[in-house]
Amino acid sequence: MPWMVTRALGMGLLCVGLTACGQSRPLALPDGGTPPPGTPRACTADDLCAGAARIAVAPTDAHIAGVSETRLGLGTRTQRFNLGGFGLNPTQNLPNPFAALGENLTEPASAPTHFSAVHQEEEPLYLRLMLLTQGETRVLFVTLDAIGAGNLIQEGLRQRLVALSCAQDLCIDADDIVFGQTHSHAGPDLQGLWGGVPQDWIDNTFYAGAETALMQALQAREPVNLAVAEGRSSDFNNYRRPRIDPEDDADDHLVVLRARAEDGRVVVQILQYAAHPTSINEDPRVPHPDYVLGAVKRLEQAGGVGLYFNGPIADASGAGGACDTPEPDAYERVRCRGNDLAALASAQAFRPLAASLAIRHQTVTLPVTNPAFLAVGALGSFNRYYNFTPRLLLDLPLLGSLLETVTGEVAQVALTAETLVSRVSIGGPGGLEIATIPGEATNTFGEFIRGLSAQANPDATVMLLGLTQNSFGYILPEEEFSYIDPTGEAGFLVPFTGYEEFVSLGPLSAPLLRLQGYIPLFDAPPAAAVPDYLRGCVDPEAGSCLLVDIALRLESIQGAYADRCREASVPEAFCGLLDPDTPLAPVCLSLNLPAAVCGLLGDPPEA
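Please read all numbers here as calculations on a predicted model, not as lab measurements. (Residues numbered from 1 in each chain as written. Predicted model: local features only at pLDDT ≥ 70, side-chain atom pairs only at ≥ 80, totals over all residues. Heavy atoms only, no water.)

Any chance you could explain the state of the cysteines here in plain terms?
A covalent bond between the sulfur atoms of two cysteines is what we call a disulfide. Going through the model one piece at a time under the given rule, you end up with three disulfides. Across the disulfide, Cys 323 is cross-linked to Cys 336 (sulfur-sulfur distance 2.0 Å). The chirality of the disulfide connecting Cys 323 with Cys 336 is right-handed, given an S-S dihedral of about 125°. With Cys 323 in the loop between strand 16 (316–318) and helix 7 (330–346) and Cys 336 in helix 7, this residue pair connects regions lying 13 residues apart in the sequence. Cys 323 sits in the partly exposed class, given a relative accessible area of 24%. Relative accessible area serves as the criterion here: at 9%, Cys 336 is assigned to the buried category. (Disulfide = S-S within 2.5 Å. Helix = DSSP H or I, 4+ residues; strand = E, 2+ residues; numbered from the N terminus. Buried < 20%, exposed > 50% of the residue type's maximum accessible area, 1.4 Å probe, protein only.)

See below:
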């Protein structure tokens, strides 16, 4: 029997035997006797049922001190617990002494958690989840206080949770595990850009904690009534992109989904808003959920478990919040911000939702055309966190014929990534539409999704879950993607100088997500749903396609990176990786990768 299933069975027997297994509430006695008064009734096939749990996933002192791990089969390195969002560490996949080069560019965590003197409690990182079921339809919402999570991390989590759920005779499909990160910049780096975290924490704290939380949710599952509330407020965010259009602003929607048991108890709530959690960057650095902690704590004052998902946050910085505490420190200020945000959201008028649940998905292929990502990837920075599979751009749906006569150089170094975009429909017509976004999107991109939802399900409330189902950086609409800093500042001194552009897969992400993902997800006719500048990509009679113009720019962008690299006297071995004229097949072969793969990266490899 696979070890994961064996472990899951053991956890199930443990929770049946212990009536106080976390937040679980047994629904039936093992001997078939009558449950005591007040025990929720068991779920039937027609019931809409929910269970929820939360668990702290703070690193241990050993994780903070660092764990010795093997790298590249060449040696070891001391893997510290690194936090995201500030600094940079592209050498996380290198052994000592090379690893020290990147460690000087960032600061790892110095303690497992922060202790609040005001509230006399620790404020650890959390994993929170909500299981929603109706018959054979099962959706598991999972949130983690982290800046993001690579697709390998996401796959590892899903494998563990699928095995556990099936061992408990309530199998959850891997795609139906809707995993999002709150994007706290004081959360663990599960993307590899800031130095990463110990694998022991991933396996035995994060994954194991998720299994424990799922077991609690399974045991606590009971029939519920759902209601949704929506409001709008700009009190807790500010627009952070260059304001090309004076009307541009951050997404001000706040939405709460609430599940109550049949006796009126609050079982779980999900709050969604859009604001960057970037306020905790203290010296020394300590893991912390930022304002998200205050928000979920306020939700949980009503009972049950609170989850928080960030929405389209690419252009939304955090703001607002008032504290009664004299001279609050940074930790208390963000906790007050989250408290006030959740209080406002909870004060909105709730409307009931019909007992109806459906989920569907679309798979999207995204090319990695950002030269900075390609260079960082060549260093192995994404190893253990992401798997970007080499693939010819000419094979991409809708793009092959367009790019075939435009450039062959992009395909030489481009990598691709696949992601799900998901749509969860609750309450039927006029109910709630939940859509996932695999990264940080702008408000305008979010409005595009809202528009598709309005066509598919008029009068439905829309909840947008950013950094969910994948975390592929910034997603900027094609017409807003800048190749130079529009503010006139120096930026990074090369193309993609806007910060959001610099931390994105490239300008093709947004149009491909539209065409391959959201348009079919909401059954929208392409010619009516896409912007004018994209209609040429699906309707030859509509004129030119913006994607052709984008593709034409990519070669010059890569060349500019290579030139700047050489001007800075960086070794040619590195700068050549950026140059579109450099065949990468020899580099690929030197890493002992398969010849079939290396052949995609330049000149045909020699035998």
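Continuing now.
What exactly am I supposed to notice about the environment of Asp 145 here?
Tracing the backbone through its elements, the reader meets Asp 145 in the loop between strand 7 (137–144) and strand 8 (148–149). With a relative accessible area of 5%, Asp 145 lands in the buried category. In this structure, the C-alpha to C-alpha distance between Asp 145 and Pro 287, residues 142 residues apart in sequence, is 9.1 Å. Ignoring anything within four residues of it in the chain, the contact list for Asp 145 reads Pro 124, Leu 125, Tyr 126, Thr 182, Gly 187, Pro 188, Pro 289 and Val 292. A distance of 2.9 Å separates the side chain of Asp 145 from the backbone nitrogen of Tyr 126, its partner in a polar contact. One polar contact links Asp 145 to Thr 182, side chain to side chain, over a distance of 3.3 Å. (Contact = heavy atoms within 4.5 Å. Polar contact = N/O pair within 3.5 Å; in protein donor to acceptor, adjacent residues only side chain to side chain.)

Would you mind showing me how to read helix 7 here?
Along an α-helix, residues three or four positions apart point the same way, because every turn accommodates 3.6 residues. In this model, helix 7 (17 residues) spans 25 Å end to end at C-alpha, consistent with the 24 Å of a helix rising 1.5 Å per residue. Two or three places before Tyr 331, at the opening of helix 7, Asp 329 has a side-chain oxygen 3.2 Å from that residue's backbone nitrogen. (Expected span 1.5 Å × (residues − 1).)

What should I look at first to understand the confidence of the model for the protein in this one?
Low pLDDT means the predicted coordinates in that region are not meant to be read closely. Confidence along the protein averages 82 in pLDDT terms, with 75% of residues attaining 70 or more. Per-residue pLDDT stays below 50 along residues 1–34; that stretch engages in 57 contacts with residues further than four places along the chain or on separate chains. Of the regions scoring below 50 in pLDDT, residues 488–496 engages in 24 contacts with residues more than four places distant in sequence or in other chains. (pLDDT = per-residue confidence, 0-100.)

I keep staring at the side chain of Asp 189 and nothing clicks. Help me out?
Looking at where Asp 189 falls in the secondary structure, it is placed in strand 10 (residues 189–190). We note that Asp 189 is buried and unpaired, the nearest opposite charge coming from Arg 384 at a distance of 7.9 Å. Within polar-contact distance, the side chain of Asp 189 engages the backbone nitrogen of Leu 193 at 3.3 Å. A polar side-chain atom of Asp 189 sits 3.1 Å from the main-chain amide nitrogen of Gly 195. (Lys, Arg positive; Asp, Glu negative; His and termini not counted. Salt bridge = Lys/Arg side-chain N within 4 Å of Asp/Glu carboxyl O.)

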